[in-house]
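Each chain, written out:
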Amino acid sequence: AWYPQSLLLGLMRGAKAEFGAQMPDLYRRLGRASADYSLSTVYSVVFKVTSTQWIVSRAAAIFASYYDSGKMTVPENARGMAMIELSDFAEPAPEFCERILGWCSRILEHCGEKNVQVEHVQCRCRGDKTCRFKATWS
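Computed from a prediction, not measured in an experiment: that's the story for all the values here.

S.K.: Any details on the packing of aromatic side chains? Residues and values, ideally.
M.R.: Under the defined criterion, the tally for this structure stands at five aromatic pairs. Ring geometry for Phe89 versus Phe96: centroids 4.5 Å apart, planes at 10°, classification stacked. Each member of the pair, Phe89 as well as Phe96, carries the same accessibility label: buried. Members of the aromatic cluster, each reached through a chain of ring pairs, are Phe63, Tyr67, Phe89 and Phe96. Cation over ring: Lys16 sits above Tyr27, and NZ or CZ is 5.3 Å from the ring centre.

This is the structure:
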């Protein structure tokens, strides 16, 4: 069953109000935990036998299996760099964008990549048409 995005955001904001002083990066940690959870299932086997570029190309399918709003695409995907775009998300929120940053970082770490950096280069909450995340690694 799908739960409303507003419920997830409410839970995230409540956790931040309660634990934010001790964990200023709480939203990113939640994204990382989400990646860890999803990779404890069938995806964990896939990560062992495929390339990072293939995994990144499947980000949209992974995202769609957890969210019924928004569309994730990967307009750029090369060795050491990818651009991930999120469009048409019903409830854009900076908290959710931070969660996506953590999720992207952890997925790349599960691929075995080092020096992972993910930047939020465009954001609907800042007036951009889409949210774009630029990931780099070595």
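Further notes follow.
S.K.: Describe the nonpolar core, with residues and values.
M.R.: In this structure, Phe63, Met72, Leu86, Phe96, Trp103 and Phe133 are the most contacted members of the largest nonpolar core, which totals 32 residues. With eight residues, the top contributor of residues to this core is helix α6 (residues 94–110). Leaving out residues up to four positions away in the same chain, Met72 has contacts with Ala59, Ala60, Phe63, Ile84, Glu85, Leu86, Ile100 and Trp103.

S.K.: Talk me through the layout of surface pockets; I want residue IDs and the actual numbers.
M.R.: Taken as a whole, the largest pocket encloses approximately 580 Å³ of empty space. What lines the largest pocket is a set of 26 residues, and nearest its centre among them are Gln5, Leu8, Tyr66, Tyr67 and Arg99. Every element with two or more residues in the lining of the largest pocket is listed here: α1 (5–19), α2 (26–38), α5 (59–64) and α6.

S.K.: Give a description of the packing of α2 against α6 that names residues and reports values.
M.R.: Contact pair α2 / α6: the axes reach a minimum separation of 6 Å and the direction vectors enclose 45°. Taken together, the axes of α2 and α6 are oblique relative to one another. When the axes of α2 and α6 are compared, the crossing they make is right-handed. The residues of α6 that touch α2, namely those facing Tyr27, Arg28, Leu30, Gly31, Arg32, Ser34, Ala35 and Asp36, are Glu95, Glu98, Arg99, Leu101, Gly102, Trp103, Ser105, Arg106, Ile107, Glu109 and His110. Class assignment of the residues belonging to the contact of α2 with α6 gives a composition of six nonpolar, five polar and eight charged.

S.K.: Which residues make up unusual backbone geometry, and what values go with them?
M.R.: Its identity is not glycine, yet Asp88 carries a phi of approximately 60°, on the positive side. Looking at the secondary structure, you find Asp88 in the loop between β2 (81–87) and α6. Positioned with a positive phi, Asn115 is a non-glycine residue whose angle comes to about 50°. One can find Asn115 in the loop between α6 and β3 (117–122). Classification of Asn115 by relative accessible area gives exposed; the value is 58%.

Criteria and cut-off values
- Residues numbered from 1 in each chain as written.
- Predicted model: local features only at pLDDT ≥ 70, side-chain atom pairs only at ≥ 80, totals over all residues.
- Heavy atoms only, no water.
- Phe/Tyr/Trp six-rings, centres within 6.5 Å; stacked < 30°, edge-to-face > 60°.
- Buried < 20%, exposed > 50% of the residue type's maximum accessible area, 1.4 Å probe, protein only.
- Lys NZ or Arg CZ within 6 Å of the ring centre and 35° of its normal.
- Core = buried A, V, L, I, M, F, W, Y, C linked by side-chain atoms within 4.5 Å.
- Helix = DSSP H or I, 4+ residues; strand = E, 2+ residues; numbered from the N terminus.
- Contact = heavy atoms within 4.5 Å.
- 1 Å grid on protein atoms, 1.4 Å probe; cavity = no way out; pocket = protein on both sides within 12 Å on 5 of 7 lines; lining within 4 Å.
- Points joined across faces, edges and corners; volume = space filled by probe spheres on them.
- Axes fitted to C-alpha atoms, helices over the stretch in contact; angles between N-to-C directions.
- Parallel < 35°, antiparallel > 145°, perpendicular 65-115°, else oblique.
- Left-handed = near helix turned anticlockwise from the far one by under 90°.
- Nonpolar A, V, L, I, M, F, W, Y, C, P; charged D, E, K, R; others polar.

Structural measurements only, silent on function.
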